Amino acid sequence: MGRRLLTRGLLSAVVGLNLLVLAACGVERATEVSSPGGSRYRAPREFSGIAWLATERGFVGPGRDAESREVFLVCHDARDNDAERDLPRLAIVRTPVDTDGIAVKELRVDFPSVPNDLESIARLPGRDEALLVESGADGDDPDPTIYLARWDKDLDVEVVGSAPWPKTPEPLTNVEATAVATVGGRDYFVYAERAQGSDTTRIHMTRLTVGKSGALAFGRKWTSVSFTAPEPPGARPASGLDIDTKGDVYVSSAYDPGDLGPFDSAVYRAATVERGGPLGAELVAVEPPQMLARSSGLKVEGVALVSGAFPLFISDDDEDYGGLLRQLRVTQAGG
């Protein structure tokens, strides 16, 4: 059965949530919500995927010197069903400049079809474009889609193209980890299955062509390497992915026992993208994988480098606890 087409922007269906528009930075923030037990605060919705957009210079917080803040695009993993169909799929998140914390602005974006379980964002290196990637939803989505988003200098985001997932080297089940690498002027699409129930997955890479009109085309040949997450025990080995300008591939692994946790995660340098091979680039496994950080209590579902280099940020989908954005302290030597 085909998907219902959207005829309007996606709107939040959260009831009773007051939003305060902050004129200084043009963002929305959740405020106090009344409840029978007294006042409470609503955490941001889950951050299932993340990509760095820009660095805003010279923002001045109250009583503070000018500071810069990093700006990220995040996706929410809402499903195409009656309960979640009209929920926003995207938000812009800014790092804090004061005790108000991160700033979250949910976006109204038109899609050519109702997105179902967006779990990752893959920015195209050096361009104001990113792939918004449906996961496959444990095989329940018969036609998973990859969308192309673009944004302007004002960070206004628009979906300009889409394509079905390409034929993959293993059955597409549930993908939460995607990225794009550029080698020798050519783009490459990289992904890994989250591989629920196993500590091992495979990282796959193929050619990607992005047209000026927004058309997406994927190669038919793939190069692949295996990745095993030593920790945490019982984790999905690939819950997030990003690649730096040197070709280092960073993968998050996340343990998720249910909506209330307890969660556990780690981030690794798992592979490198290097010139060579039949595709013009190939994946080389890092043996053993280098653990860069451990995040006990958190379910990391996205990793994002700032302009293709450190610092490294994580986005969390902590289910009933809400979403979280943090910069990692990388402790691995040379990180």
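Refer to the structure above for everything that follows.
Q: Give me the overall build of the protein: which residues, what numbers.
A: Scanning the protein for helices and strands turns up 0 helices and 24 strands. When each of the 335 residues of the protein is scored for burial, the buried share is 53%. Only carbon and sulfur atoms are counted for the fraction: they give 48% of the accessible area of the protein, which is about 15200 Å².

Q: Could you give me a rundown of the sheet that holds strand S11 (residues 145–151), with the residues and numbers involved?
A: Pairing within the open sheet is antiparallel, and its 4 strands lie in the order S9-S10-S11-S12. At either margin of the open sheet sits one strand with a lone partner, and together these are strand S9 (118–123) and strand S12 (157–164). Averaged over all pairs of adjacent strands, the angle between strand axes in this sheet comes to 25 degrees, irrespective of strand direction. In terms of strand pairing, S11 meets S12 through 7 bridges, oriented antiparallel. Bridging across to S12, Ile-146 finds its partner in Ala-163.

Q: Go over the pattern of salt bridges, please, and point to the residues and values.
A: What the rule picks out here adds up to 19 salt bridges. Between Arg-150 and Glu-129 there is a salt bridge; the shortest N-O distance is 2.4 Å. A residue pair is termed long-range when its members are at least 10 positions apart, and Arg-150 in strand S11 and Glu-129 in strand S10 (residues 129–134) qualify at 21 residues. Classification of Arg-150 as partly exposed rests on a relative accessible area of 21%. Taking the relative accessible area as the measure of exposure, Glu-129 reaches 10% and is therefore buried. Residue Arg-194 is joined to Glu-176 by a salt bridge in which the shortest nitrogen-to-oxygen separation is 2.9 Å. Of this pair, Arg-194 sits in the loop between strand S14 (186–193) and strand S15 (200–210) while Glu-176 sits in strand S13 (residues 175–183), placing them 18 residues apart in sequence. With relative accessibility at 10%, the residue Arg-194 sits in the buried group. Judged by relative accessible area, which is 2%, Glu-176 ranks as buried.

Q: How would you sum up the pairing of strand S19 (residues 248–255)? Please name residues and give values.
A: When a strand is regular, its side chains alternate between the sheet's two faces. Across the 8 residues of S19, 7 count as buried, placing the element largely inside the fold. In the sheet, strand S18 (residues 236–243) pairs with S19 via 5 bridges, with the strands oriented antiparallel. The residue bridging Ile-243 from the neighbouring strand is Val-249, located in S19. Hairpin connection from S18 to S19: 4 residues lie between these consecutive antiparallel strands, with Gly-247 at a positive phi of about 100 degrees.

Q: Account for the side chain of Asp-242, naming residues and giving values.
A: Considering the arrangement of structural elements, one finds Asp-242 in strand S18. One buried charge, Asp-242, has no salt-bridge partner; the nearest side chain with opposite charge is Arg-123, at 8.9 Å. Engagement of the side chain of Asp-242 in a polar contact is seen with the backbone nitrogen of Leu-305, the distance being 2.8 Å. Excluding its chain neighbours within four sequence positions, the residues that come into contact with Asp-242 are Ala-179, Asp-248, Val-249, Tyr-250, Val-303, Ala-304 and Leu-305.

Q: Before we move on, could you go through the nonpolar core and cite the residues and values that matter?
A: The biggest cluster of nonpolar side chains holds 25 residues, and the ones touching the most others in it are Ile-203, Val-249, Val-251 and Val-273. Put simply, the parts of the chain that give this core at least two residues each are S13, S14, S15, strand S17 (223–228), S18, S19, strand S20 (264–275) and strand S21 (281–294). A total of 5 residues in this core trace back to one element, the largest contributor, which is S20. Residues Ala-51, Leu-90, Trp-151 and Val-159 belong to the second largest nonpolar core, which totals 21 residues.

Q: Pulling in residues and values, what's your account of the side chain of His-204?
A: Residue placement: His-204 occurs in strand S15. A polar atom in the side chain of His-204 sits 2.6 Å from the side chain of Ser-224.

Q: Describe in detail a negative patch on the surface, supporting the description with residues and values.
A: On the surface, a cluster of negative charge is contributed by Asp-110, Asp-152, Asp-156 and Glu-158. Structurally, the position occupied by Asp-110 is in the loop between strand S8 (103–106) and S9.

Q: Give a description of the pairing of strand S6 (residues 66–75) that names residues and reports values.
A: The buried count for S6 comes to 7 of 10 residues, which makes it a mostly enclosed element. Looking at chain direction, S6 and strand S7 (residues 90–94) are connected through 5 bridges and run antiparallel. Its bridge partner being in S7, Phe-72 is matched across the sheet by Val-93.

About the criteria used
Residues numbered from 1 in each chain as written. Predicted model: local features only at pLDDT ≥ 70, side-chain atom pairs only at ≥ 80, totals over all residues. Heavy atoms only, no water. Helix = DSSP H or I, 4+ residues; strand = E, 2+ residues; numbered from the N terminus. Buried < 20%, exposed > 50% of the residue type's maximum accessible area, 1.4 Å probe, protein only. Areas by Shrake-Rupley, 256 points an atom, 1.4 Å probe, with all protein chains shown as cover. Pairing = 2+ DSSP bridges. Axes fitted to C-alpha atoms, helices over the stretch in contact; angles between N-to-C directions. Salt bridge = Lys/Arg side-chain N within 4 Å of Asp/Glu carboxyl O. Lys, Arg positive; Asp, Glu negative; His and termini not counted. Polar contact = N/O pair within 3.5 Å; in protein donor to acceptor, adjacent residues only side chain to side chain. Contact = heavy atoms within 4.5 Å. Core = buried A, V, L, I, M, F, W, Y, C linked by side-chain atoms within 4.5 Å. Patch = residues over 30% accessible without salt bridge, like charges linked within 9 Å, V, L, I, M, F, W, Y side chains within 5 Å. Charge placed at Lys NZ, Arg CZ, Asp CG, Glu CD.

Such coordinate-based values are descriptive only and should not be taken to indicate function.
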